[in-house]
Structures are given as structure tokens and as C-alpha cells.
Amino acid sequence: MSYKELIEEVFQKVIKLENRGQLACYIPELAVVDSNKLGIHISTSSNFDFGIGDFEEKFSVQSIAKVFSLCLAYKMLGESIWTRVGLEPSGTGFNSLIQLDNDNGIPRNPFINSGALVISDILLSHLTDPKEDLLKFIRSLCKNQDINFSNKIAASEKSVGYRNIAMCNFIKSLGNINNEPEDVLDFYFDLCSLELSCKQLSEAFLFLSNKGKTTHDDNQILTKSQNKRINALLQTCGFYDESGDFAFRVGLPGKSGVGGGIIAIHPNEYAIAVWSPKLNSKGNSYRGMKFLEEFTTLSELSIF
Ligand code: GLU
């Protein structure tokens, strides 16, 4: 079966399932998203692409954007970033504060909120125009200028961002934030507010399935070794406290966000993006997980 036929078949299956879970109600703007949305888009390293459902509609990618900021920091500063952030699955929720005290303010990995705050701090220290430079980087990955932050979503999250504010101040007190927490948080909330469609997401992430090089202009974004390491981190830490389950069921590196998006990478094959806003109890898209599980089962293709 071709990818197109597989996706059509699994889409029909998943759309008939009960749409279980909850919207990310802790961010007011995300609580009013249409929960029936379902979009899929695949981009392959051999230049095939296909989408179905709401694949062209932009949504709030939230934590998926943490991969962009990490890749940019890694590209600029290389291995030195790992002195500020760890490489281990946290075994706790994405917004947990409890390990930071014991770990002296070094977050377990770059994909939990504390890790993304530290990566944001690193970017603030090294970019001349951090928000614009980040946008430029993401736009260059998919050769698409139409990628922006959402002021509305950033403001909405900021208005109730007590936990992230506490976390950033706590890490600052432990010496692992160099800039003013307010500036770091401002960058972080904008980062999380990025809006991309499934099509834009799969195009922007395709370089991770192509040994770190963009397919549209052969730009080596990450070295092959860095690319392997990002994929390894996505495999072990990309799904909060459900990363083991995702590896078990789907068998691909990937990253989810509380906007209901998931990006998954099949090295040397494809990047696939799925969006369905309702989340399971671990904060991952309920139907997104179901779709990808079924997709890798039917295609009999995973990294294992
Ligand atoms: N902006 C969200 C937060 O900090 C990101 C969470 C996520 O998508 O995992 O709570």
C-alpha cells in the first residue's frame, strides 16, 4: 500500500472512533478550539507529500516548538548546551517542579517546560533579535514565510502562567537562568504560541528524517551526529511521561504539544504531522496517538 492509501485508510478508521479526552483548558484560548478537528500530513525525503482532513489549518503547536528552539541552540552552540540541560526522560509531567531542587536547576531534558525555559535563556543570550531570528530559522526549514507567533495565544497563556513563572524564577535562583526571568518567559510564551498547519509542520521537520539536511535547498541544519542525537531525545523524551508508551505503540521519534499536535519522524523516510485537539490524561493528542499507532502497525514500518 502507498502512504496515501495507508493514510486514507487509517484516517477513516480514526474519525469513526469516539473522540475521547479533554482540551488543554488551562490555557483559555486553547479551551475554545473546535475539538472535532483532525488533520494529517506526510512529507517524505523522496519528495512525496500528502494531506487529509484539516491539514492546512494552522493550530497552536505549543511544545512541538521546543524542538525548533533546541535545534537552533544546538546548531549555534554545539555540545556545550548539555551542561545546562540533561538528556534523561523525566518520568514526571511536563510542567513539574519537583526534580529541579534535587538536580540543582538542571532540567532533566530540553522538552519539559523547565528545559525549554533554559534553552530559551540560551537563545536570548546569543541571538541579536531572538524572536525574529527564531522565526527566520523556522521559515527557512520549510521555505515558507507564512509562519508566525499568535499574540492572542501568548497573552492568554501569560495571563495564567503562574507555574511557568514560578519555574523560571526557581531555576534563576538555582543559577541556571542568566537573563531576566521576565524576558525568558516572554520568549517562551511566544515560542509556544507558534501556529503551523500539519503541512507546514511535516515540511519543517523533514530535515530530521534527512540526516539533518533540508530537502528543498540541501542546507545542512544539523550535523549527522547532532541529528541522530535530536532524534534520540525525541524518542526518549518527546511525549512527557508517556514517551515509553509512544515508543512501545508507535516506534518513532516524535514530539507532542498540548494544542493536540504530534510530529513523528521516520529517519530516512518521512516526517508526519497529526492534529486532533483533545488530549489524553498525559497531555498527548488522543486521536493523534491512535492514528500513529495504527499507521506504523499497518505500514509495518517503524525504527524497530
Ligand atoms: N505552553 C505550554 C506550557 O508551558 C506548553 C506545554 C506543552 O505543549 O507541553 O504549559
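See above for the structure.
How each quantity is defined
Residues numbered from 1 in each chain as written. Predicted model: local features only at pLDDT ≥ 70, side-chain atom pairs only at ≥ 80, totals over all residues. Heavy atoms only, no water. Axes fitted to C-alpha atoms, helices over the stretch in contact; angles between N-to-C directions. Helix = DSSP H or I, 4+ residues; strand = E, 2+ residues; numbered from the N terminus. Parallel < 35°, antiparallel > 145°, perpendicular 65-115°, else oblique. Left-handed = near helix turned anticlockwise from the far one by under 90°. Contact = heavy atoms within 4.5 Å. Expected span 1.5 Å × (residues − 1). Near = heavy atom within 4 Å. Polar contact = N/O pair within 3.5 Å; in protein donor to acceptor, adjacent residues only side chain to side chain. Nonpolar A, V, L, I, M, F, W, Y, C, P; charged D, E, K, R; others polar. Buried < 20%, exposed > 50% of the residue type's maximum accessible area, 1.4 Å probe, protein only. Pairing = 2+ DSSP bridges. Phe/Tyr/Trp six-rings, centres within 6.5 Å; stacked < 30°, edge-to-face > 60°.

A. How the structure looks around the packing of helix α2 (residues 65-77) against helix α4 (residues 113-126). Contact geometry of α2 with α4 gives a least axis separation of 10 Å together with a crossing angle of 45 degrees. As the angle between them shows, α2 and α4 are arranged oblique. Between α2 and α4 lies a crossing whose hand is left-handed. Here Lys 66, Ser 69, Leu 70, Leu 72, Ala 73, Met 76 and Leu 77 of α2 come into contact with α4, specifically with Asn 113, Ala 116, Ile 119, Ile 122, Leu 123 and His 126.

B. Here's a closer look at helix α1 (residues 3-15). Over its 13 residues, α1 runs 18 Å from end to end, which matches the ideal 18 Å to within 8%, given 1.5 Å per residue. Buried positions along α1 lie against β1 (39-44), β2 (49-53), β7 (270-275) and α12 (286-299).

C. Layout of the site of the ligand. The environment of the ligand is formed by Tyr 26, Gln 62, Ser 63, Phe 94, Asn 113, Glu 157, Asn 164, Tyr 188, Cys 192, Tyr 240, Gly 257 and Val 258. Interatomic distance of 2.6 Å between a side-chain N/O atom of Gln 62 and a nitrogen atom of the ligand. Within the contact set of the ligand, a nitrogen atom lies 2.6 Å away from a side-chain nitrogen or oxygen of Glu 157. Partitioning the shell around the ligand into residue classes produces 6 nonpolar, 5 polar and 1 charged.

D. Just the pairing of β1, in detail. Taken across its 6 residues, β1 has 6 buried, putting it largely inside the fold. Burial along β1 is two-sided: the residues Gly 39, His 41 and Ser 43 and Ile 40, Ile 42 and Thr 44 are all buried. With 5 bridges connecting them, β1 and β2 associate as antiparallel partners. Residue pairing for β2: His 41 is matched across the bridge by Gly 51. Taking the residues between adjacent antiparallel strands as the criterion, β1 and β2 are bridged by 4 residues, where Asn 47 takes a positive phi near 70 degrees.

E. Expanded view of the side chain of Asn 164. Mapped onto the elements, Asn 164 comes out in helix α7 (residues 162-173). Judged by its relative accessible area of 6%, Asn 164 falls in the buried class. Among the polar contacts listed, one links the side chain of Asn 164 to the side chain of Asn 113, at a separation of 3.0 Å.

F. Up close: the packing of aromatic side chains. Under the definition given, this model contains 11 aromatic pairs. A ring pair is formed by Tyr 3 and Tyr 270, whose centres lie 5.3 Å apart and whose planes are at 80 degrees; its orientation type is edge-to-face. Here Tyr 3, found in helix α1, pairs with Tyr 270, found in strand β7; they are 267 residues apart in sequence, far enough to count as distant. With respect to class, Tyr 3 is no different from Tyr 270; both count as buried. Taking the centre distance of 6.3 Å and the plane angle of 40 degrees together, the rings of Tyr 3 and Phe 295 count as tilted. Of this pair, Tyr 3 sits in helix α1 while Phe 295 sits in helix α12, placing them 292 residues apart in sequence. Judged on exposure class, the residue Tyr 3 and its partner Phe 295 are both buried. A connected cluster of aromatic rings, assembled from ring pairs, spans Tyr 3, Tyr 270, Phe 291 and Phe 295.

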